[in-house]
Amino acid sequence: MTPTALGDTLAHIVRAVPGVAFLAPGITGRLRSAFQDPRQSGPPRGALRVSRRNGAGPWEIEARIVTLAGYRACDVTRATRSAILAHLQADGATAGHGAAVKVTITGIV
Amino acid sequence: MTTRIHPPDTPPPHDPDDERLPCGRLLSQVWADWEEGTADPHRADCADCTSAVAELEQLETAVRRLRDDTENASGYDPAPLTERVMNVVRLELRPGHPLPLGAPDEDMWLMESAAARVLRTAAERVPGVRSGSCRITPEPDRPGRVAISLHILAPTTAPSLPMLADEVRREVGAWADHRLGLEITGIDVHVVGFADEPDDSEKGIAP
């Protein structure tokens, strides 16, 4: 699986986690780019980074999210991390390599 | 849109996501200077800075138009929504430091500005208190834990400032745990002045 395809899949998974409002930095990036290219799609730039050292090492995932105020921030980050890891394991993407997942809350609305 | 977030006393480390304009200025700094009305001769003459400011003006105009378009909708107040949207934009520009959440090996983080906003609101649950600068810093010797330093204006009717500070500390501590999940080592409450009656139109004081 390519980093781009995995990123798109993980974006859907992260958005579905209870307490996640949206991926960040969504607002500024989307509105700025909307004036230039309204056809932009996919996860916001920088909100979900998917990489693999040397193209074959462990997956390195970094998700930046904005959460809902009614949810405990720590619990949402943990659920997000678990959802990402569960998908990677189910997909076989971590076989023999493992994965490093970092989740950061950049805002609460 | 007059409410500003209060920037940390020291500028946060450079965020790799922050865009550097071709002229060398950071986008976040150009926007912040423009929002705060900081005089900058370079900005007036620089095509890159002028363009960046124009984009932010377009953004604010779009948000304002959204507010105006819905202003006549019966029973719907768009102000809270537009304020929340602009808060998110501002938080992206000035995120502060990353604060640890959970166990160190979980690699989970919460940006300081987002946490500070929640904790300032917690402090203002104490009647008459207005909160100002809120700094949250990771404890270098205790991984996963943070210390909080909060400035408040006390109500003139407060019978005891130490008791008031304790009450604020309880509210802030409770929200830090229940709403955020931060592991805190201490909460310093600094009473920096006195407030009149609570004024909902302007939250926060200058840091």
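Thoughts on the overall build of chain A
Within chain A one finds three helices and four strands. When the elements of chain A are put in sequence order from the N terminus, they spell out α-β-α-β-β-α-β. Scored against the burial criterion, the 109 residues of chain A give a buried share of 44%. Long-range contacts, defined here as pairs at least 24 residues apart, represent 67% of the contacts in chain A between residues at least 6 apart. Carbon and sulfur atoms make up 53% of the accessible area of chain A, which amounts to about 5,100 Å² in all.

Thoughts on a nonpolar patch on the surface
Together, B:L161, B:V191 and B:F194 make up a nonpolar patch on the protein surface, roughly 240 Å² of accessible area in all. Mapping B:L161 onto the fold places it in helix 6 (residues 161-180).

Describing the side chain of B:D33
Residues and elements named next belong to chain B. Counting through the fold element by element, D33 comes out in helix 1 (residues 27-36). Within the buried core, D33 has no salt-bridge partner, and the shortest N-O distance to an opposite charge, that of R43, equals 5.0 Å. Setting aside residues no more than four positions away along its own chain, D33 makes contact with T38, D40 and R43.

Here we look at the nonpolar core
In this structure, A:I61, B:L110, B:L119, B:I136, B:V168, B:V172 and B:L180 are the most contacted members of the largest nonpolar core, which totals 56 residues. Setting aside its immediate chain neighbours within four residues, B:V172 contacts B:L119, B:A122, B:A123, B:I148, B:L150 and B:I187. If you look at the next biggest cluster of nonpolar residues, it comprises twelve residues, including B:W31, B:C49, B:L56 and B:L59.

Examining the state of the cysteines
Residues and elements named next belong to chain B. Inspection of the entire model under this criterion finds zero disulfides over all chains. Lacking any disulfide linkage, C46 is separated from the closest cysteine sulfur, that of C23, by 3.7 Å. With a relative accessible area of 9%, C46 lands in the buried category. Looking at the unpaired C49, the closest cysteine sulfur is the one in C23, lying at 3.7 Å. Using a relative accessible area of 0% as the deciding quantity, one classes C49 as buried.

Examining the packing of helix 5 (residues 112-123) of chain B against helix 6 of chain B
Residues and elements named next belong to chain B. Where helix 5 meets helix 6, the closest approach of the two axes is 8 Å, and the angle between their N-to-C directions is 135 degrees. Compared by their axis directions, helix 5 and helix 6 come out oblique. The two elements helix 5 and helix 6 cross, and the hand of that crossing is right-handed. Between helix 5 and helix 6, the contacting residues are A115, V118, L119, T121, A122 and A123 on the first element and V168, E171, V172, W175, A176, R179 and L180 on the second.

Some details on the pairing of strand 5 (residues 183-195) of chain B
Residue and element names in this part refer to chain B. Where strand 4 (residues 145-155) lies against strand 5, eleven bridges are found, and the strand directions are parallel. In the sheet register, A147 faces strand 5, and the bridge partner there is G186. At this point the chain moves from strand 4, through helix 6, to the parallel strand 5, and the crossover so formed is right-handed.

Thoughts on helix 1 (residues 3-15) of chain A
All names here are of chain A. Here helix 1 is 13 residues long and its end C-alpha atoms lie 18 Å apart, about the 18 Å a rise of 1.5 Å per residue gives. Those residues of helix 1 that fall on the buried side of the exposure criterion are L6, G7, L10, A11 and V14. Here the buried residues of helix 1 occupy an arc of 145 degrees about the axis, which is enough to place them on one side. Elements in contact with the buried residues of helix 1: strand 1 (20-23), strand 2 (48-52), strand 3 (59-67) and helix 3 (73-90).

The rules we used
Residues numbered from 1 in each chain as written. Chains lettered and ligands numbered in written order. Predicted model: local features only at pLDDT ≥ 70, side-chain atom pairs only at ≥ 80, totals over all residues. Heavy atoms only, no water. Helix = DSSP H or I, 4+ residues; strand = E, 2+ residues; numbered from the N terminus. Buried < 20%, exposed > 50% of the residue type's maximum accessible area, 1.4 Å probe, protein only. Contact = heavy atoms within 4.5 Å. Areas by Shrake-Rupley, 256 points an atom, 1.4 Å probe, with all protein chains shown as cover. Patch = residues over 30% accessible without salt bridge, like charges linked within 9 Å, V, L, I, M, F, W, Y side chains within 5 Å. Salt bridge = Lys/Arg side-chain N within 4 Å of Asp/Glu carboxyl O. Lys, Arg positive; Asp, Glu negative; His and termini not counted. Core = buried A, V, L, I, M, F, W, Y, C linked by side-chain atoms within 4.5 Å. Disulfide = S-S within 2.5 Å. Axes fitted to C-alpha atoms, helices over the stretch in contact; angles between N-to-C directions. Parallel < 35°, antiparallel > 145°, perpendicular 65-115°, else oblique. Left-handed = near helix turned anticlockwise from the far one by under 90°. Pairing = 2+ DSSP bridges. Right-handed = clockwise from strand over helix to strand, strands pointing away. Expected span 1.5 Å × (residues − 1). Arc of directions from axis to C-beta.

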